[in-house]
Amino acid sequence: MTKRGNKKIGRNSLCPCGSGLKYKKCCMLRKNIKTDIKSYYLKRYGIIIKTNEEIEGIRKAGSLVVATHKEVKKIIKPGITTEDINALVHKFTVENGAVPAPLNYKGFPKSVCVSVNEVICHGIPGGRVICDGDIVNVDITSILNGFYADANYTYFAGEPSDETRKLVDTCKESLRRGIEKVAPGATTGDIGYAIQSYAEKKGYSVVREFVGHGVGIDFHEPPQILHFGKKGTGIPLVENMTFTIEPMINTGTKDIRILDDGWTAVTRDGSLSSQFEETIVVTKNGCESLTPFDF
Ligand code: MF3
Ligand code: CO
Ligand code: CO
């Protein structure tokens, strides 16, 4: 037992710093706090806590992902095909010295996921023509100097209906509310709770089958970031964790169906689906987006 003020802290009790670790695995070690959390998270959860240098690498990849989105935004309009978006993303990524992560990932045949209207995620670009009033989710992941950043954005093609705009605004705001919860000492469940409670209050449903994920050294790392759940559950967040948050919100049922291509996930009832995603790093006092959209 150690005395701290008039409170006794057991070796096996939760560390008062809020890390979520046992005291003996955390501040009791004083000098080795950082390295010890890193090895503990790797062993216990498979989570790679990044070094500051690695975070800088992911930030650079993130800047390229955002720059690619800016190019995509310019061409989204009725009449283009989803393949036009793929061609642009592929060319821009390669010209900037990066590799499009989706291409050949577990057999995915294109360089970007493009998901229109009822498509929730993992839409394969092709001949589908984008129509006035459609919503188009473009999910870009680039590998730059070995570092991954992953971000998606739901664009409007032409003029959306009021209903459509409300869904997309709600999805965007649900991501913002999830991000707002990210800080050392919060848990992955706090993020999910913030997203689900907001989206459901607005009358929408949250997709369960696809989740956010650790990212940076690899495309999909532990942990999983659920977009639903209970406060205080899951894994305690610690400084220098990097992960995505990427809620998929539907106007109708939360249930999904996968098309015969083995990838395209659609809403089971054909209702509309929106998604937003950012790559986030946990900082000392909160978090920072490594893919900050300024639009
Ligand atoms: N970018 C997606 C995500 O957010 C994953 C796409 S996998 C692919 O995790 F193979 F479809 F590209
Ligand atoms: Co992702
Ligand atoms: Co993504």
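Our structure's up above, just so we're on the same page.
Numbering of residues starts from 1 in each chain and follows the order in which that chain's sequence is written. Chains carry letters and ligands carry numbers; both start at the beginning, A for chains and 1 for ligands, and go up in the order they are written. Restriction of local features to residues with pLDDT of at least 70 applies here, the model being predicted, together with a cutoff of 80 or more for giving and counting side-chain atom pairs; totals for whole chains, interfaces and linings are based on all residues.

**Q** Would you explain the overall build of the chain in this entry?
**A** Secondary structure elements are defined from DSSP: runs of H or I of at least 4 residues count as helices, runs of E of at least 2 residues count as strands, and each element is numbered from the N terminus. Tallying secondary structure elements over the chain gives five helices and 17 strands in all. Atoms considered for the radius of gyration are the C-alpha atoms alone. The globule rule reads 2.2 Å times the number of residues to the power 0.38. Its C-alpha atoms give the chain a radius of gyration of 20 Å, within 12% of the compact-globule value 19 Å for 295 residues. C-alpha extents for the chain along the principal axes are approximately 70 × 45 × 35 Å. When the 295 residues of the chain are sorted by exposure, 46% land in the buried category. Placing a C-beta atom from the backbone of each residue, one calls two residues in contact when those atoms lie within 7 Å. For the chain, contacts bridging at least 24 residues in sequence account for 66% of all contacts bridging at least 6. Neighbour density around each residue's C-beta defines its exposure: 20 or more other C-beta atoms within 10 Å make it buried, 12 or fewer make it exposed, and counts between make it partly exposed, where C-beta atoms are placed from the backbone.

**Q** For this particular structure, what's the right way to read the pairing of strand 6 (residues 135–144)?
**A** As a general feature of sheets, a regular strand has side chains that alternate between the two faces. The buried count for strand 6 comes to nine of ten residues, which makes it a mostly enclosed element. Should DSSP find at least two bridges between two strands, the strands are taken to pair. Direction of pairing for strand 3 (residues 99–100) relative to strand 6: antiparallel, over a ladder of two bridges. When the sheet's bridge partners are listed, P100 is paired in strand 6 with S142. Direction of pairing for strand 4 (residues 113–116) relative to strand 6: antiparallel, over a ladder of four bridges. Bridging across to strand 6, V114 finds its partner in V138. Note: strand 6 against strand 7 (residues 147–156), ten bridges, orientation antiparallel. Residue pairing for strand 7: V136 is matched across the bridge by Y155. Linkage of strand 6 to strand 7, two consecutive antiparallel strands, is achieved through a turn of two residues, within which N145 is found at a positive phi near 50°.

**Q** What's the story with the packing of helix 2 (residues 52–75) against helix 3 (residues 82–95) in this structure? I'm lost.
**A** A pair of packed helices can be characterised by two numbers: the angle between their axes and the separation between those axes. Angles here are taken between N-to-C directions and fall from 0 to 180 degrees, while the axes themselves are lines fitted to C-alpha atoms, restricted in helices to the stretch in contact. Orientation of helix 2 relative to helix 3, taken along the N-to-C sense of each, is 150°, at an axis distance of 10 Å. By the angle between their directions, the pair helix 2 and helix 3 is classed as roughly antiparallel. The element helix 2 and its partner helix 3 pack so that their crossing is right-handed. Of helix 3, the residues touching helix 2 (which contributes T68, E71, V72 and I75) are D84, I85, L88, V89, F92 and T93. Amino acid classes used here: Ala, Val, Leu, Ile, Met, Phe, Trp, Tyr, Cys and Pro are nonpolar; Asp, Glu, Lys and Arg are charged; the rest, including Gly, are polar. Split by residue class, the contact of helix 2 with helix 3 holds six nonpolar, two polar and two charged. For classification purposes, an angle smaller than 35 degrees is called roughly parallel, one larger than 145 roughly antiparallel, one from 65 to 115 roughly perpendicular, and anything else oblique. What makes a crossing left-handed is the near helix being turned counterclockwise from the far one by less than a right angle; a clockwise turn instead makes it right-handed.

**Q** I would appreciate a short explanation of the sheet that holds strand 5 (residues 119–121) in the present structure.
**A** What holds strands together in a sheet is hydrogen bonding between their backbones, with the strands either parallel or antiparallel. Strands sit in the order 5-14-13 across an open sheet of three strands; the sheet is antiparallel. Two strands close off the open sheet at either side, each with one partner strand: strand 5 and strand 13 (256–258). For this sheet, the mean inter-axis angle between neighbouring strands, taken without regard to orientation, is 40°. Relative to strand 14 (residues 265–267), strand 13 runs antiparallel, the two being bridged by three bridges. Bridging across to strand 14, I256 finds its partner in T267.

**Q** Please explain unusual backbone geometry as it appears in this structure.
**A** A negative phi angle is the norm for most residues apart from glycine, just as the trans form is the norm for most peptide bonds. P222 connects to P223 through a cis peptide bond whose omega is 0°. Following the sequence through the fold, P223 ends up in strand 10 (residues 221–225). Residues other than glycine seldom take positive phi values, yet N117 does so here, at roughly 50°. Relative to the elements of secondary structure, N117 occurs in the loop between strand 4 and strand 5. According to the C-beta neighbour criterion, N117 is buried, with 22 such atoms within 10 Å.

By themselves these figures say nothing about function.
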